[in-house]
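A structural walkthrough
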Amino acid sequence: MNESDGLDLQTRVYVKIARGLELEDGEEKIALMEEAVSLADTGSSVEDQYFAREELLRAAYWGGSPEKALVAFAWCLAQFDMQPDKFSETNLLWTYKWMVNTIFHFPQIPKEQVYEMLDDMTRRYRRAGYGLRVIYKYKYRIESFCGNREEAIRNYHIAQEHASDGLSDCQACELDDRVQFHHYCGEDELAIVYAQPLLEGRYKCRTVPHRTMARLLVPLLRMGRLDEAWQYHLQGYRAVARNKSFLNYVSDHLIYLSVAGELERAQELFETHYPWLEGNTDAYNRYLFFRAAWLFVEIMSERRTSRLRLNMPRTFPLHAANGEYESSRLAGWFKQEARRIALRFNERNGNEHFTQELEETIKLKELKV
């Protein structure tokens, strides 16, 4: 007999949500929250349906299924607009940041729709009495993502002119944003200086300093700070190795290991995380891993062998039953997959930023360690 038998519908919904909250971020947690939503939709109140979707949104966003988060958020947004007195506006506006941060990772979503979403977010922030620091911060992120460098930098500086408020990110995220900005501007030394409070553990949150460490690995190599890079790799990789939503940071670690010549560990990481691509709908994260994999195979080919023995799943399009792969063919395939996604982003964004970035990546082979 199921322990939830005999309970009323609302309690059964909340029992499922409670079970989900006990789990680590990932597919099992997402599945339980989806079950809670489906159960609530059979006859529970709209408040229960909304709450279940809020939890599904969080589970999907942090568990590597951003497309499910976007669908759940759209439902919540529509319900809030119909009955704003029933739901928390602050919670909705907070999660709006996550959605704007996610939507431009999907090249099939037109640029106009991305900006419309940001405009809608701006109107809602103004109406609720919040400032525009967050808005300009996300304008900076979108423009830098699209390769509009001058506009990105302009928006970053405007964001800094606005005061923080109740919807601003935590201090760890704010510091990491500054690190990211200086890295974006090619100011590696400044980036590392601003990162120190994060690297020392004085500030932390759900994604910091994981992303800070991942971002600084190659700059530390360039500066000859090899021991620090290795320590931040060990610490940072442990923090991201079990969550599919961190595939982008895993890709940073793969690039670092490849360039640093830690090829056995790079291969282990590559074989472990390639399966995360399968079923992953975040095109940007897929692009990042394909790009890192291309660099890894190129470096393996030049420094080790023209043929690689890899433990790849049967679902890998180039799967070889004997586990042996021709390096040049493998590298070509990963570059082709990365380029295919890059071209989609170029078409959406109206420039050649992604293909230029892809071609620049291979120059990391020249970094002497």
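Each chain carries its own residue numbering, running from 1 in the written order of its sequence. Per-residue local features are limited, in this predicted model, to residues with pLDDT of at least 70; the limit for side-chain atom pairs, both in listing and counting, is 80 or more; totals at the level of whole chains, interfaces and linings are taken over all residues. Side-chain calculation: all heavy atoms of the structure are included, whereas hydrogens and water are not.

**Some thoughts on helix 14 (residues 263-273)**
- Buried within helix 14 are the following residues: Leu 263, Ala 266, Gln 267, Leu 269, Phe 270 and His 273. Along the axis of helix 14, the buried residues cluster in a sector spanning 165 degrees; they form a single face. Type-normalised accessible area, obtained with a 1.4 Å probe on protein chains alone, sets the label of each residue: buried when under 20%, exposed when over 50%, and partly exposed for intermediate values. Strands are runs of DSSP state E lasting at least 2 residues, helices are runs of H or I lasting at least 4, and numbering of each runs from the N terminus. Note: the arc covers the axis-to-C-beta directions of the helix.

**Re the packing of helix 9 (residues 171-184) against helix 11 (residues 210-222)**
- Here the axes come from fitting lines to C-alpha atoms, over the contacting stretch only for helices, and the angles between their N-to-C directions go from 0 to 180 degrees. Remark: helix 9 packs on helix 11, axes separated minimally by 10 Å, with the N-to-C direction vectors making an angle of 20 degrees. It follows that helix 9 is roughly parallel to helix 11 by the angle criterion. Considering the relative orientation of helix 9 and helix 11, their crossing is left-handed. Taken together, the residues of helix 11 that come into contact with helix 9 (itself represented by Cys 173, Asp 176, Asp 177, Val 179, Gln 180 and His 183) are Arg 211, Thr 212, Arg 215, Leu 216 and Pro 219.
- In this count, Pro and Cys sit with the nonpolar residues alongside Ala, Val, Leu, Ile, Met, Phe, Trp and Tyr, while Asp, Glu, Lys and Arg are called charged and the others, Gly among them, polar. For the contact of helix 9 with helix 11, the residue count by class is four nonpolar, three polar and four charged. Put simply, angles under 35 degrees are roughly parallel, angles over 145 are roughly antiparallel, angles from 65 to 115 are roughly perpendicular, and the rest are oblique. Left-handed describes a crossing whose near helix is turned anticlockwise from the far helix by less than a right angle; the clockwise case is right-handed. Whether two residues are in contact is decided by their heavy atoms, any of which lying within 4.5 Å being enough.

**Here we look at helix 11**
- Of all the bends found along helix 11, the most pronounced is centred on Leu 216 and spans about 40 degrees, while Pro 219, a proline, follows it within four residues.
- Among the 13 residues in helix 11, twelve count as buried, and that is most of the element.
- Listing the buried residues of helix 11 in full gives His 210, Arg 211, Thr 212, Met 213, Ala 214, Arg 215, Leu 216, Leu 217, Val 218, Pro 219, Leu 220 and Leu 221.
- Buried residues along helix 11 sit against helix 7 (133-146), helix 9, helix 10 (188-199), helix 12 (226-240) and helix 13 (247-260).
- Positive phi appears at Gly 224, one or two residues downstream of helix 11, with a value of about 80 degrees. Throughout, bend refers to the angle between the axes fitted to the seven residues that end at a position and the seven residues that start at it.

**Quick look at the packing of aromatic side chains**
- Ring pairs are drawn from Phe, Tyr and Trp, using the six-membered ring of Trp, whenever the two centres fall within 6.5 Å, and their geometry is named by plane angle: stacked under 30 degrees, edge-to-face over 60, tilted for the rest. Scanning the model with the defined rule gives 33 aromatic pairs in all.
- Considering the side-chain rings of Tyr 61 and Trp 62, the 5.0 Å spacing of their centres and the 90 degrees angle between planes classify their relative orientation as edge-to-face.
- In this structure Trp 62 comes out as buried when scored by relative accessible area, which is 12%.
- Aromatic pair Phe 246 and Tyr 249: ring centres 5.6 Å apart, planes at 40 degrees, arrangement tilted.

**Observations regarding empty space enclosed by the protein**
- Within this scheme a cavity is a closed region of a 1 Å grid, computed over the protein atoms alone, that accommodates a 1.4 Å probe without allowing it to escape, whereas a pocket is open but has protein on both sides within 12 Å along at least five of seven lines; lining residues each have an atom within 4 Å of a point. Grid points are joined across faces, edges and corners, and a volume is the space filled by probe spheres set on the points. Summed over all chains, the structure comprises three cavities of 30 Å³ or more.
- In this structure, the largest cavity spans a volume of roughly 70 Å³.
- In terms of lining residues, the largest cavity is bounded by Arg 133, Lys 137, Tyr 140, Tyr 156, Ala 159, Gln 160, Glu 174 and Asp 177.
- Of all the secondary-structure elements, those providing two or more residues to the lining of the largest cavity are helix 7, helix 8 (149-161) and helix 9.
- Per-class residue counts for the lining of the largest cavity are three nonpolar, one polar and four charged.
- Space inside the second largest cavity adds up to approximately 40 Å³.
- Along its surface, the second largest cavity is lined by Tyr 50, Glu 54, Leu 57, Arg 58, Cys 76, Asn 91, Leu 92 and Thr 95.
- Secondary structure elements with two or more residues in the lining of the second largest cavity: helix 3 (46-63) and helix 5 (89-103).

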